[in-house]
Structures are given as structure tokens and as C-alpha cells.
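Chain residues, written in single-letter form:
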Amino acid sequence: MNYGQIRKYDVANGSGIRTTFFLTGCDRNCPNCFNRDYMDFSYGKKWDRAAEEEVISYLKLKEVEGLTVLGGEPFENPLGLKEALINIRKEVDKSIWVYTGFKIEDLMNIKLAREILEEIDVLVDGEFIEELKDLKLKFRGSSNQRIIDVRKTLENNEIILLDGYK
């Protein structure tokens with residue numbers, strides 16, 4: 001698994017001040033993708049223990065509310081993503097957001113993807129669609145994308161949107 005960048009502080013991709021990392025690799029080829037370079041699975045650096053420790057050190061800062069994982073497509077790196085999230089959760093108890101072009105309904109029916117969902121708190125799902133672009137939306141680019149409370153969704157087996165983002 002490779003990553004394109006790690007940001008110590010990010011206020012655009014989830015609530016509060018967050019640490020983010022961008023995984024590389026994506027086969028979706030969405031029109032007007034904002035991270036074209038990150039579609040290449042070999043782009044960037046190898047995710048390793050040093051990268052993980054860097055992220056954990058940022059997450060331990062009191063001003064950082066949580067972690068956000070973007071891409072590329074995080075769910076196209078499922079084994080590495082699952083391992084990274086488990087390792088991070090062992091060290092830090094803060095919220096984890098993940099952005100994906102997939103729909104949660106599909107991810108919930110794939111064993112490994114569901115195991116990843118069990119490690120995260122919020123999922124922003126759905127492809128960016130240029131025709132549905134809305135600059136007034138918070139933490140998403142197009143109106144088809146949803147900000148999902150993953151814990152409540154898995155508990156209730158129905159899609160529960162995060163409070164304040166309906």
C-alpha cells in the first residue's frame with residue numbers, strides 16, 4: 001500500500017482539526033477526479049511503520065480531533081488499510097473518517113470491507129459527480145455523497161447519516 005501524503009493538520013476533510021493521509025491507487029476513473037496522480041497504485045511512498053508512527057504522533061496532539069483517510073480509493077487497499085486502522089486504534093482513541101467512491105450498502109456485503117467499516121466512525125460515500133457539485137456542502141463535493149455514522153449504521157442495519165449532515 002502506498003500513500004501520496006500525510007497532513008498533520010487538515011480542516012477541510014472532517015470535523016475539527018484532523019490528521020489526514022491519502023492512499024494511492026484507484027481504478028474508478030471518476031470524471032474530474034481531484035487527485036488524478038493518486039489513481040496510480042505505485043505513486044507515492046510505501047506505507048510502513050514510520051508513516052504509521054508519524055500519523056499516530058500527530059493524532060496524540062490534543063488539538064487534533066481525529067484521523068481522515070482519503071485517496072485514491074482507500075477500499076482498493078483493503079488489507080493495508082485494515083492493518084493500519086487497527087494499529088492506529090491501538091494507540092489512539094479518536095474518530096476516524098474515511099472517504100470512498102463506493103456506497104456503504106456494497107461495502108457492508110464484502111467481508112473485508114465490513115471489517116474495515118467496523119474500525120471507522122464516519123464514512124463519506126459515493127462518487128463525486130460533477131453535475132451534482134455543490135460548493136455549499138460541508139465535507140463533500142457533490143450532493144449524492146453521504147456523511148454516514150458507521151457505528152449506528154452497522155448497529156441498526158440501516159443507513160444513519162451523521163447528525164448535522166443530512
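Higher on the page you've got the structure.
My aim in this report is to walk through the structure given alongside it, one point at a time. (Residues numbered from 1 in each chain as written. Predicted model: local features only at pLDDT ≥ 70, side-chain atom pairs only at ≥ 80, totals over all residues. Heavy atoms only, no water.)

**Describing the side chain of Asn2**
Argument step 1. Mapped onto the elements of the fold, Asn2 is located in strand S1 (residues 2-10).
Argument step 2. Among the residues examined, Asn2 registers a relative accessible area of 6% and is labelled buried.
Argument step 3. For Asn2, the side chain forms a polar contact with the main-chain oxygen of Phe41, separated by 3.4 Å. (Helix = DSSP H or I, 4+ residues; strand = E, 2+ residues; numbered from the N terminus. Buried < 20%, exposed > 50% of the residue type's maximum accessible area, 1.4 Å probe, protein only. Polar contact = N/O pair within 3.5 Å; in protein donor to acceptor, adjacent residues only side chain to side chain.)

**Quick word on helix H2 (residues 78-91)**
Argument step 1. With 14 residues, H2 should reach 20 Å at 1.5 Å per residue; the first-to-last C-alpha distance of 20 Å fits that figure.
Argument step 2. Every buried residue of H2 is listed here: Leu81, Ala84, Leu85, Asn87, Ile88 and Arg89.
Argument step 3. Against strand S2 (18-23), helix H1 (49-59), strand S4 (66-70), strand S5 (95-99), helix H4 (111-117) and helix H5 (150-156) lie the buried residues of H2. (Expected span 1.5 Å × (residues − 1). Contact = heavy atoms within 4.5 Å.)

**So, the sheet that holds S2**
Argument step 1. As summarised here, the arrangement of the seven strands in space is S3-S1-S2-S4-S5-S6-S7, forming an open sheet in which the pairing is mixed. Two strands in the sheet have a free side with no partner beyond their single neighbour: strand S3 (45-46) and strand S7 (146-149).
Argument step 2. Here S1 runs beside S2; their pairing, made up of five bridges, is antiparallel. Within S2, the residue paired with Ile6 across the bridge is Phe21. (Pairing = 2+ DSSP bridges.)

**Focus on H1**
Argument step 1. Among all positions in H1, only Ala51, Glu52, Val55, Ile56, Tyr58 and Leu59 are buried. Along H1, the residues classed as buried sweep out an arc of 160° about the axis, all on the same side.
Argument step 2. On the buried face of H1, the contacting elements are S1, S2, S4 and H2.
Argument step 3. Of the residues that open H1, the one with a side-chain oxygen 3.2 Å from the backbone nitrogen of Ala50 is Asp48. (Arc of directions from axis to C-beta.)

**What about unusual backbone geometry?**
Argument step 1. Although it is not a glycine, Phe139 adopts a positive phi angle of roughly 65°.
Argument step 2. Along the chain, Phe139 turns up in the loop between strand S6 (122-125) and S7.

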